[in-house]
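# Results of the structural survey
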Amino acid sequence: MNEGGSSAVERALQYTAGQKLHGFTVKEVTAVPDLFLTAVKLSHDATGAQYLHAARDDSNNLFSVQFRTTPMDSTGVPHILEHTVLCGSQRFPCRDPFFKMLNRSLSTFMNAFTASDYTMYPFSTQNAKDFQNLLSVYLDAVFFPCLRELDFWQEGWRLEHETPTDPSSRLVFKGVVFNEMKGVFSDNERLYAQHLQNKLLPDHTYSVVSGGEPLAIPDLTWEQLKHFHATHYHPSNARFFTYGDLPLEQHLQQIEEEALSKFERTDPNTAVPPQTHWDKPRVDHVTCRPDALAPDPIKQNTLCMSYLLGDITDTFEAFILSLLSSLMISGPNSPFYKALIEPEIGSDFSSSVGFDGSTRQASFTIGLQGMAEDDTETEQIEALLHKIEIQMKHQSTSFGLALASYIASCWNHDGDPVQLLKISENVSRFRQCLKENPRYLQDKIQHYFKDNAHRLTLTMSPDERFLEKQAEAEEQKLQQKIQNLSDADHKDIYEKGLQLLAAQSMTQDASCLPALKVSDIEPIIPYTPVQPGTAGGVPVQYCEQPTNGMVYFRAMCNLNSLPEDLKIYVPLFCSVITKLGCGELDYRQQAQRIELKTGGMSVSPQIIPDTADLDLYEQGIILSSSCLERNLPDMFQLWSDIFNSPRFDDEQRLRVLVMMSAQELSNGISYSGHMYAMTRAARTLTPTADLQEAFSGMDQVRFMKRIAEMTDLTSVLRKLPRIKRHLLNPENMRCAVNATPQKMSEAAGEVERFIGNIAANRKERKPVRPTVVEVRPLDPQAGSSASRKLISEPHFKPCQMKTYFQLPFNVNFVSECVRAVPFTHTDYASLCILARMMTAKFLHGEIREKGGAYGGGARMGGGGLFSFYSYRDPNSTQTLSAFRGGVEWARAGKFTQQDIDEAKLSVFSAVDAPVAPSDKGLGRFLNGITDEMKQRYRERLFAVTDKNLIDVAGRYLGVGQQTCGVAILGPENESIRKDPSWVVK
């Protein structure tokens, strides 16, 4: 807490409407007890800029500025502008100040977003000096950017020789946003959502692609970009938001002095008019690429119906509409779920389904079929209101960011953001409406759905030639651009290409940017006290935390006795075990109880590498759930029923869950391709990584696709009770509880009762591999009885392997992994610093700036592996050369002390990322990493020198030093297919 004993929330209540502060006038001051904050609304006298401050006792302070950006074409101007303003500004003219600040600050978040009608620039940090530094950089970037022509070519689009140094190589389109949007347009879900919005709201800015349509991007000129900035990025078109426990006046003074005082008021004229309401429904069709990984290749047609609803600035109406949407589609009890997924019409809701409040008028979309039911049960409404209560109480570490995103759209269209924060006021007003008119929701359904002519039915189906046609259209656009070029233009393009290459290769002088020093970092970590205990012979860790009246429960169960042939089924078991019904409840009633009594219940596979030995690991599953204190007995009753009498009798229900799961996995590859590549590259290096590939890598994706294609799942259903006997066994279990000190003894009593209830499942089962179990106490100092049974693989031999997955993408995900050292090893800290430094000072420039990939870098993982990766990368094997280049660069010592210090700041900012009360003590519970071990690691990080870095680069990453694995996910690749050293899948 702050000096003077008063909290940030109380201090902010002392402001009064009409009060003048640093060029601003206070408009209103509102206490929002629901969210433990005080809202202060201000406006800037000279420019009319709007400002909202949310004072809350949270040290993770956030700043955000957003502009209403309403483009009228699909050239991607707001998106390209978002990229280019981050390429240097008047006070900070160096290239890429954002990426540079990542290493000069302890920020907990830094980014920028382009939505369809606003662009937002948020950052957060726990350090007051850092907040001022970042604020200076952000203000200068958005209000006074350089917007150089070179930056526009790099970030937007350019014509360039395929090999810039070779004028005889062919001309192609290049550019970061151009490549990024090609990636987005090959993602079927994003493509569909984009078409849906463009066609439902065809009158104004929503009819265009704000991120940029790949073929329209090359129509944007540098002049248009600069004009868009001058009109849209102006204080009169801006909304500022700050959050946290730092004093408001300092923020206002800095914003006024560094930016706003230099502007006059303008009329930005960026408002979005309401869409004209249609008098009859419309139907439309679009095509997409076939998805080779779809669980059911025949069911690849998407069919949705979209309704235009009310204006989002009417906050109560918008609250009702989002509530109504949730009632209609959340979970197995909703009318649509029953009508749609269960009869297996679709394998899962399309991702654009549900309520969308991001445009001036909200919309609701449903994968089509059955809109007959309109009775919503009271239990369901109660469950939703309970969910809202939990969302208010659960403290995430990025609460400020969540608030900024939550109010962005409504505020963007001049709605009142403070009204949005008064959640319980909306809830009680809603209860009142229901009391006065029991058919209140049915009347809304009648009005917005049954009688609504503004509805669009959009179908999408795969076209075998989709990618070909895309490539042809791009080629056509390219030829059209090339035809108009004179000889002088050709020469110009070649020279500009070289100029850009030279600029990218130049060492950047970042000295103009503010920076924290390594000495600004806290030397000692705060201690997290935990109390060990036992319940019915099961070890329990209790951790007292300010959880706002929530209780968080976790249990780790190992799977050492599980037969090998069942292992691959573990992730499936985890995803369905809480969704098939239990005890007296069928799966619908179970879903309802979980919604009504808990903040969610989940089970997931857990592979925990040992902190001291790369060939030792713990394998198991982790159960986790949370609830309001008053619902503790109900939450444990639900877990008891899952242990004692889970239901495995509904093949139909399992099929639905399998389809949804397979679809989700298949959709996720284009987002997390780099994760899949890293997991596969690591697979042959350690036993942990091998199991990780089976549980969460491409192996699992292919396994789930196979299961999804089976005509009868009875054989799978029969395996589940076998798995359950091995996993849900108190013999192999340990628990953890986080709650308030006042409730801890009550929680302990409930855990005790729960363990008593499931005692019948306790069996001494022999591990599958008897030689391999090592028992390790969780905390040798604390003398607790908790221990972890680790598996060792005496016969595991690391080996080299190169794997190529051919997938229907037009970009690659490339990874190389090296077997290095575990967490407690003295070299671990040096490798962490090396990875961060290599990423910022070498790989980022090679892979993103020169190579045109969306991202790339290196990371050192707790599993003892050093991994290189690239994300949405136009190149494949040459990226592997860039990885090697990074190692040579480090071995040659081509870095400065400043580079090392920046890497340290960057690593510490991750190490010291805020931990929510719900997660405190979790590292110790799962990995046995105590505060003492963390402190030792911290001291090693501080001590890393240039000699250490050169040394570990050579010893671990030098060619032939350690075993390494390589994996690429990408489009068809001739040269790799012919190369016998690659395994092609």
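Calculation rules
- Residues numbered from 1 in each chain as written.
- Predicted model: local features only at pLDDT ≥ 70, side-chain atom pairs only at ≥ 80, totals over all residues.
- Heavy atoms only, no water.
- Pairing = 2+ DSSP bridges.
- Helix = DSSP H or I, 4+ residues; strand = E, 2+ residues; numbered from the N terminus.
- Contact = heavy atoms within 4.5 Å.
- Axes fitted to C-alpha atoms, helices over the stretch in contact; angles between N-to-C directions.
- UniProt positions renumbered as here; feature names shortened; annotations may be inferred.
- Expected span 1.5 Å × (residues − 1).
- Buried < 20%, exposed > 50% of the residue type's maximum accessible area, 1.4 Å probe, protein only.
- Polar contact = N/O pair within 3.5 Å; in protein donor to acceptor, adjacent residues only side chain to side chain.
- Parallel < 35°, antiparallel > 145°, perpendicular 65-115°, else oblique.
- Left-handed = near helix turned anticlockwise from the far one by under 90°.
- Nonpolar A, V, L, I, M, F, W, Y, C, P; charged D, E, K, R; others polar.
- Core = buried A, V, L, I, M, F, W, Y, C linked by side-chain atoms within 4.5 Å.
- Phe/Tyr/Trp six-rings, centres within 6.5 Å; stacked < 30°, edge-to-face > 60°.
- Salt bridge = Lys/Arg side-chain N within 4 Å of Asp/Glu carboxyl O.

## Some details on the pairing of strand β17 (residues 531-535)
Here β17 pairs with strand β18 (residues 538-544) via five bridges, running antiparallel. From the neighbouring strand, Pro532 faces β18, where its bridge partner is Gln541. Remark: two residues form the turn of the hairpin made by β17 and β18, two consecutive strands paired antiparallel; Gly536 in that turn has positive phi of roughly 50°.

## What about the sheet that holds strand β25 (residues 801-806)?
If you trace the six strands from one edge of the open sheet to the other, you get β27-β28-β26-β29-β25-β30, paired in mixed fashion. Looking along the sheet, the strands with just one partner apiece sit at the ends: β27 (855-860) and β30 (983-984). Taken together, the six bridges between strand β26 (residues 812-819) and strand β29 (residues 964-970) define a ladder with antiparallel strand orientation. Residue Val814 lies in a different strand from β29, and its bridge partner there is Ile968. On the sheet, helix α29 (residues 877-891) packs against β26, β28 (865-873) and β29 and is oriented at approximately 40° with respect to β26.

## Observations concerning the UniProt feature "coiled-coil region" (unreviewed entry) in the protein chain
When the UniProt feature table is mapped to this numbering, "coiled-coil region" (unreviewed entry) covers residues 464-491. Between the end C-alpha atoms of residues 464-491 there is a gap of 39 Å, over a span that is 82% helix and 0% strand.

## Structural notes on helix α7 (residues 188-200)
In an α-helix, one turn spans 3.6 residues; hence positions three or four apart end up facing the same way. Given a rise of 1.5 Å per residue, 13 residues ought to cover 18 Å, and the 18 Å separating the end C-alpha atoms of α7 matches this to within 8%. Of all the residues in α7, the buried ones are Asn188, Leu191, Tyr192, Gln194, Leu196, Gln197, Asn198 and Leu200. The backbone nitrogen of Glu189 has a side-chain oxygen 3.0 Å away, supplied by the residue at the start of α7, namely Asp187.

## What to know about the environment of Leu717
Topologically, Leu717 is positioned in helix α26 (residues 714-727). In sequence terms Leu717 and Asn437 are 280 residues apart; their C-alpha atoms lie 46 Å from each other. Discounting residues that sit within four places of it in the chain, Leu717 has contacts with Phe648, Asp649, Asp650, Glu651 and Leu654.

## Thoughts on the UniProt feature "domain: Peptidase M16C associated" (unreviewed entry) in the protein chain
In this structure's numbering, the residues bearing the UniProt feature "domain: Peptidase M16C associated" (unreviewed entry) are residues 460-707. With 47% helix and 19% strand, residues 460-707 has its two end C-alpha atoms placed 25 Å apart.

## A short note on α29
The end-to-end C-alpha distance of α29, which contains 15 residues, comes to 22 Å, matching closely the 21 Å that a straight helix rising 1.5 Å per residue would cover. Of all the positions in α29, only Thr879, Leu880, Ala882, Phe883, Gly886, Val887, Trp889 and Ala890 are classed as buried. Tucked into the core, α29 has its buried residues touching β26, α28 (828-850), β28, α33 (946-957) and β29.

## Focus on the packing of α28 against helix α32 (residues 931-943)
Running from N to C, α28 and α32 point in directions that differ by 55°, and their axes come no closer than 8 Å. Overall, the two elements α28 and α32 adopt an arrangement that is oblique. The two elements α28 and α32 cross, and the hand of that crossing is right-handed. Contacts between α28 and α32 involve Tyr828, Ala829, Cys832 and Ile833 from the first element and Tyr937, Arg940 and Leu941 from the second. The residue makeup of the contact of α28 with α32, split by class, is six nonpolar, no polar and one charged.

## Comments concerning unusual backbone geometry
A positive phi angle, near 45°, is found at His22, a position not held by glycine. Its location among the elements puts His22 in the loop between β1 (20-21) and β2 (24-32). Not every positive phi belongs to a glycine, and Asn269 is a case in point at roughly 50°. Among the structural elements, Asn269 can be located in the loop between α9 (248-258) and β12 (282-288).

## Quick notes on the nonpolar core
In this structure, Leu42, Phe63, Tyr121, Phe143 and Phe240 are the most contacted members of the largest nonpolar core, which totals 86 residues. The biggest single contributor to this core is helix α4 (residues 128-143), with nine residues. Listed in part, the 66 residues of the second largest apolar core include Leu585, Ile594, Ile621 and Met704.

## Here we look at the pairing of strand β9 (residues 158-161)
A two-sided burial pattern is seen for β9, the buried positions comprising Arg158 and Glu160 on one face and Leu159 and His161 on the other. Alignment of β9 against strand β10 (residues 171-174), held across four bridges, turns out to be antiparallel. The residue bridging Arg158 from the neighbouring strand is Lys174, located in β10.

## Notes on the packing of helix α2 (residues 77-84) against helix α8 (residues 222-232)
One way to put it is that α2 packs onto α8 with a least axis distance of 10 Å and a crossing angle of 85°. Here α8 runs roughly perpendicular to α2, going by the angle between their axes. On α8, the residues touching Val77, Pro78, Ile80, Leu81 and Thr84 of α2 are Leu225, Phe228 and His229. Considered class by class, the residues forming the contact of α2 with α8 number six nonpolar, two polar and no charged.

## Looking at the packing of aromatic side chains
Per the stated rule, a full pass over the model turns up 41 aromatic pairs. With centroids separated by 5.1 Å and ring planes inclined at 55°, the aromatic side chains of Phe823 and Tyr937 adopt a geometry described as tilted. Separated by 114 residues along the polypeptide, Phe823 in the loop between β26 and α28 and Tyr937 in helix α32 bring together distant segments of the chain. The same class applies to Phe823 as to Tyr937, namely buried.

## Remarks on the side chain of Lys567
Relative to the assigned elements, Lys567 resides in the loop between β19 (550-558) and α19 (570-576). Looking at Lys567, the relative accessible area reads 10%, which means it is buried. Setting aside its immediate chain neighbours within four residues, Lys567 contacts Leu559, Leu562, Tyr617, Gln619, Leu691 and Phe695.

## Brief notes about the pattern of salt bridges
The tally for this structure, following the rule as stated, stands at 57 salt bridges. Residues Lys597 and Asp634 are paired through a salt bridge, measuring 3.9 Å at the closest nitrogen-oxygen approach. Here the residue Lys597 occupies a position in helix α20 (residues 587-597), and Asp634 occupies one in helix α21 (residues 632-644), the gap between them amounting to 37 residues. The partner of Arg819 in a salt bridge is Asp615, with the nearest N and O atoms 3.2 Å apart. With Arg819 in strand β26 and Asp615 in the loop between β20 (601-609) and β21 (616-628), the pair connects residues that are 204 residues apart, well separated along the chain. Since its relative accessible area comes to 15%, Arg819 is described here as buried. One salt-bridge network, held together by shared partners, links Arg680, Arg683, Asp690, Glu693 and Asp699.

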